[in-house]
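Listed here are the chains, written in short residue letters.
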Amino acid sequence: MKVETIKDPRQFKRRLRQKANMPVKYLSYELELEHAPTFPDRVYVESTNVCNLDCIMCPTGLHIDTRPKGYMEWDLYTSIIDEIAPWVEAVVLHSWGEPLLHKRIIEMIQYAHDRGVWVETSTNAMLLSEDVALKILDAGLDRIYLSMDGLTKETYEKVRVGGTFERVLGNIERFLELKHELGSPIEADIQIVRLSETDAEVDEFVKRWRDSHADLINIKELDTWGGQIDEVSSLAVEESTETPNADRKPCPNLWYHAHIHWDGVLVSCSRDYDAVTPLGNVKNGGVLKTWHGARMQMMRRWHAQGNFCAHQCIDCTEWAWWTPAPFTGGGTGGLATKVETEEHEHANGTTNGAANGMKQLPLLNGSANGSGSGCDSCGPDGDAA
């Protein structure tokens with residue numbers, strides 16, 4: 001796993017401020033404060049909600065989302081990064097589309113990187129040509145999720161409708177080769193979503209990618225998007241016997257993260273994929289003002305009162321995917337089992353992540369799950385990619 005080395009005193013001071021933000025934010029969540037002197041530690045910036053695939057577990061792929069399609073304008077993006085750079089720990093450049101479709105995605109990565117922000121994204125790898133791969137590796141991306149939902153051509157193309165198995169496999173393998181050859185510090189994680197179509201292949205998928213130049217294998221559990229989509233919920237491997245909503249608590253996302261759509265609309269989380277409950281627009285006053293604004297405070301108040309009336313919240317169980325702690329964040333973007341590759345273990349002197357402070361996980365048939373740093377039907381911290 002990539003470890004940040006800080007040499008610039010100003011960057012060190014900024015990281016201290018960011019870390020000091022965590023216990024204050026934890027208290028504001030535990031006390032259910034509507035407003036507190038905190039800031040989000042992760043900001044999800046939707047570069048675009050346009051996608052080139054029709055994945056069966058995604059609102060975009062199923063074409064049930066109704067909001068306009070578009071790409072974030074450069075001036076809006078730079079204004080967001082300029083404002084949040086001194087405060088947030090990470091920016092995630094995917095949500096409900098394929099980031100590589102944005103014609104300035106490489107510049108977006110570079111811009112955030114140059115301002116000291118940890119940058120990550122997810123891709124379906126259809127457009128991850130060697131030329132694009134080299135540009136990404138040079139731009140300063142800190143983490144990339146390479147989504148490949150299936151070990152076989154039949155399974156992959158059934159899940160990722162419109163994708164070409166051979167093309168994606170070749171692109172991912174070449175990207176990992178270039179990463180290795182160039183000695184790039186980027187963390188590259190190969191990912192599969194566990195659902196009814198892929199479950200039988202997960203063990204072999206892990207075996208296949210354990211001996212690769214990837215860093216982690218991310219086995220992401222199916223996100224039902226708050227139980228809003230029957231077609232997606234039906235893909236669950238087995239019906240859950242857990243009842244997290246019997247003791248429901250306010251969703252941590254409202255206190256910890258900011259989700260910004262391509263047009264500047266702030267939403268509560270990735271499950272509000274259609275912006276049914278918009279919380280303002282960052283074009284009108286900026287990210288922090290909107291995140292602390294009246295609508296966001298209203299959402300926090302509703303949750304504190306046990307009123308989960310927003311459409312994306314009514315039947316949501318994903319809120320329970322992580323529990324805030326005084327000094328660490330998390331994400332309702334994805335519940336995942338993370339397995340280290342052999343190369344990563346050797347490089348770090350670890351065994352399946354245990355020595356890195358990661359929860360030790362069984363290699364195969366594992367039931368242990370850790371909160372992924374992410375998100376989507378396809379990527380762990382955002383959404384479709």
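It should be emphasised that the depicted structure is a prediction, and the values quoted were computed from it without experimental measurement.

Conventions and cut-offs
Along each chain, residue indices are assigned from 1 in the same order as the chain's sequence is written. Residues qualify for local features only when their pLDDT is at least 70, as the model is predicted, and side-chain atom pairs are given and counted only at 80 or more; totals for whole chains, interfaces and linings, by contrast, use all residues. Only heavy atoms go into the side-chain values, all of them from the structure, while hydrogens and water stay out. Helix and strand labels come from DSSP, where a helix needs a run of H or I of at least four residues and a strand needs a run of E of at least two; each type is numbered from the N terminus. Exposure is judged per residue with a 1.4 Å probe applied to protein chains only, and the accessible area is read against the type maximum: over 50% gives exposed, under 20% gives buried, and values in between give partly exposed. Any two residues whose heavy atoms approach within 4.5 Å are treated as being in contact. Residue exposure ignores everything except the shown protein chains as possible cover, and the areas themselves are Shrake-Rupley values with a 1.4 Å probe. Directions are taken from the helix axis to each C-beta atom, and the arc is the one they span. For every residue, the pLDDT score states the predictor's confidence, bounded by 0 at the bottom and 100 at the top. Just to be clear on terms, a salt bridge is a Lys or Arg side-chain nitrogen sitting within 4 Å of an Asp or Glu carboxyl oxygen. By nonpolar core is meant a set of buried Ala, Val, Leu, Ile, Met, Phe, Trp, Tyr and Cys residues that side-chain atoms within 4.5 Å join together. N or O atoms within 3.5 Å of each other form a polar contact, as long as, within protein, one can give a hydrogen and the other can take it, and as long as residues adjacent in sequence are counted only when both atoms are side-chain atoms.

Enquirer: Give me the overall build of the protein chain: which residues, what numbers.
Expert: Scanning the protein chain from terminus to terminus reveals twelve helices and twelve strands. Within the protein chain, the fraction of its 385 residues that count as buried is 57%. In the protein chain, 73% of the contacts between residues at least 6 apart in sequence involve partners at least 24 apart. Approximately 15500 Å² of the protein chain is accessible, and the part contributed by carbon and sulfur atoms is 52%.

Enquirer: Could you give an account of helix α3 (residues 105-114), naming the residues involved and the relevant values?
Expert: Every α-helical turn comprises 3.6 residues, leaving residues that sit three or four positions apart pointing alike. Residues Ile105, Met108, Ile109, Tyr111 and Ala112 constitute the buried set of α3. Buried residues along α3 cover an arc of 165 degrees about the axis, so they all sit on one side. On its buried face, α3 sits against α2 (74-84), β3 (90-92), β4 (118-123) and α4 (130-139). Downstream of α3 by a residue or two, Gly116 has a phi angle that is positive, lying close to 75 degrees.

Enquirer: A description of the confidence of the model for the protein chain should follow, citing residues and the corresponding values.
Expert: Low-confidence regions, as indicated by low pLDDT, have predicted coordinates that should not be scrutinised in detail. Per-residue pLDDT for the protein chain averages 85, and the proportion of residues at 70 or more is 84%. Considering each helix and strand of the protein chain separately, the mean pLDDT is smallest for strand β12 (residues 370-371), with a value of 34, and largest for α4, with 98. Scored below 50 in pLDDT, residues 351-377 shows 100 contacts in the model against residues more than four places distant or in partner chains.

Enquirer: Describe the pattern of salt bridges, with residues and values.
Expert: Scanning the model with the defined rule gives 26 salt bridges in all. Here Glu157 ties to Lys153 by a salt bridge, and the two come within 2.7 Å at their closest N and O atoms. Taken together, the residues Glu157 and Lys153, both in helix α5 (residues 153-159) and four residues apart, mark about one turn of the helix. Looking at Lys153, the relative accessible area reads 36%, which means it is partly exposed. A salt bridge links Arg174 to Glu177; the nearest nitrogen and oxygen atoms lie 3.1 Å apart. Here Arg174 pairs with Glu177, and both are found in helix α6 (residues 165-182), just three residues apart, close to one helical turn. Overall, the relative accessible area of 25% leaves Arg174 in the partly exposed class. Connected through salt bridges with shared partners, the residues Arg42, Glu120, Arg143 and Glu187 form a single ionic network.

Enquirer: Please give an account of the environment of Phe175 that cites residues and values.
Expert: Along the chain, Phe175 turns up in helix α6. Sequence separation between Phe175 and His213 is 38 residues; the distance between their C-alpha atoms is 9.2 Å. Apart from the residues lying within four places of it in its own chain, the contact partners of Phe175 are Leu128, Ala133, Ile136, Leu137, Ile144, Leu146, Ile186 and Ala188.

Enquirer: So what's going on with the nonpolar core? Residues and values would help.
Expert: Counting residues in hydrophobic clusters, the biggest one holds 85 residues, and the most contacted among them are Met57 and Phe175. By residue number, the principal contributor to this core is α6, which donates seven residues.

Enquirer: Before we move on, could you go through the side chain of Thr290 and cite the residues and values that matter?
Expert: Examined against the element boundaries, Thr290 turns out to sit in helix α10 (residues 287-291). Assessed through its relative accessible area of 6%, Thr290 is described here as buried. A distance of 3.5 Å separates a polar side-chain atom of Thr290 from the backbone oxygen of Asn281. Ignoring anything within four residues of it in the chain, the contact list for Thr290 reads Leu266, Leu279, Gly280, Asn281, Val282, Asn284 and Met296.

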